[in-house]
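# Close look at the chain arrangement
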Amino acid sequence: MTNEQLNSGNPKVDIEYRRKKNAEEMRYQIITFALMIFLTLVAFVAVGYEGFSASFAVPFILVLAFVQVAFQLYYFMHMSHKGHEAPALFLYSGVFVGFITVLAFMTVIWW
């Protein structure tokens, strides 16, 4: 392909730009995947290590799970891209309603 075919002057069809963005996106996904595997291994070590009490291990694993959910949403489900504001709003609204519901049921049951 000639340079004229690769760079058309139209930013919507600029192939070279898309190649760079795709390579950058793939790099982010590989790094995120490696971090998620590492966090999973840390969670297994936290459970298997005798020195950690359950009062430390459970909240620690929940924090690791929250971090992995954030990685999943922002990198693998592409929530960090432009144009995904409406799905993100609905997702966060659902999480908020779910949290309030769980909190309400826990309050009703415990008190």
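An unreviewed UniProt entry lists the protein under the name Cytochrome c oxidase subunit IVB, with Cytobacillus gottheilii given as the organism. Looking at the protein in UniProt, the text filed under Sequence similarities (unreviewed entry) is "Belongs to the cytochrome c oxidase bacterial subunit 4 family." Looking at the protein in UniProt, the text filed under Subcellular location (unreviewed entry) is "Cell membrane".

## Structural notes on helix H2 (residues 15-48)
The end-to-end C-alpha distance of H2, which contains 34 residues, comes to 49 Å, matching closely the 50 Å that a straight helix rising 1.5 Å per residue would cover. Taken as a whole, H2 has its buried residues at Glu-25, Gln-29, Thr-32, Met-36, Leu-39, Ala-43 and Ala-46. Next to the buried residues of H2 lie helix H3 (54-76).

## Things to note about a nonpolar patch on the surface
A cluster of nonpolar side chains, contributed by Val-102, Phe-105, Met-106, Val-108, Ile-109 and Trp-110, occupies part of the molecular surface with about 700 Å² of accessible area. Of the residues examined, Trp-110 reaches a relative accessible area of 61% and is grouped as exposed.

## Structural notes on the UniProt feature "transmembrane region" (unreviewed entry) in the protein
The sites that UniProt annotates as "transmembrane region" (unreviewed entry) are residues 28-49, 55-77 and 89-110. The span residues 28-49 carries 95% helix and 0% strand; its end-to-end C-alpha distance comes to 31 Å. With 100% helix and 0% strand, the stretch residues 89-110 has end C-alpha atoms that lie 31 Å from each other.

## Some details on the packing of aromatic side chains
All told, the structure shown has three aromatic pairs when counted by the stated rule. Centroid distance Tyr-49 to Phe-52: 5.0 Å. Interplanar angle 70°. Geometry classified as edge-to-face. On the basis of relative accessibility, which here comes to 35%, the residue Phe-52 falls in the partly exposed class. Aromatic pair Phe-52 and Phe-56: ring centres 4.8 Å apart, planes at 45°, arrangement tilted. Note on Phe-56: relative accessible area 37%, which makes it partly exposed. Through a chain of ring-to-ring contacts, the aromatic side chains of Tyr-49, Phe-52, Phe-56 and Phe-60 assemble into a single cluster.

Cut-off values and rules
- Residues numbered from 1 in each chain as written.
- Predicted model: local features only at pLDDT ≥ 70, side-chain atom pairs only at ≥ 80, totals over all residues.
- Heavy atoms only, no water.
- UniProt positions renumbered as here; feature names shortened; annotations may be inferred.
- Helix = DSSP H or I, 4+ residues; strand = E, 2+ residues; numbered from the N terminus.
- Expected span 1.5 Å × (residues − 1).
- Buried < 20%, exposed > 50% of the residue type's maximum accessible area, 1.4 Å probe, protein only.
- Contact = heavy atoms within 4.5 Å.
- Patch = residues over 30% accessible without salt bridge, like charges linked within 9 Å, V, L, I, M, F, W, Y side chains within 5 Å.
- Areas by Shrake-Rupley, 256 points an atom, 1.4 Å probe, with all protein chains shown as cover.
- Salt bridge = Lys/Arg side-chain N within 4 Å of Asp/Glu carboxyl O.
- Phe/Tyr/Trp six-rings, centres within 6.5 Å; stacked < 30°, edge-to-face > 60°.

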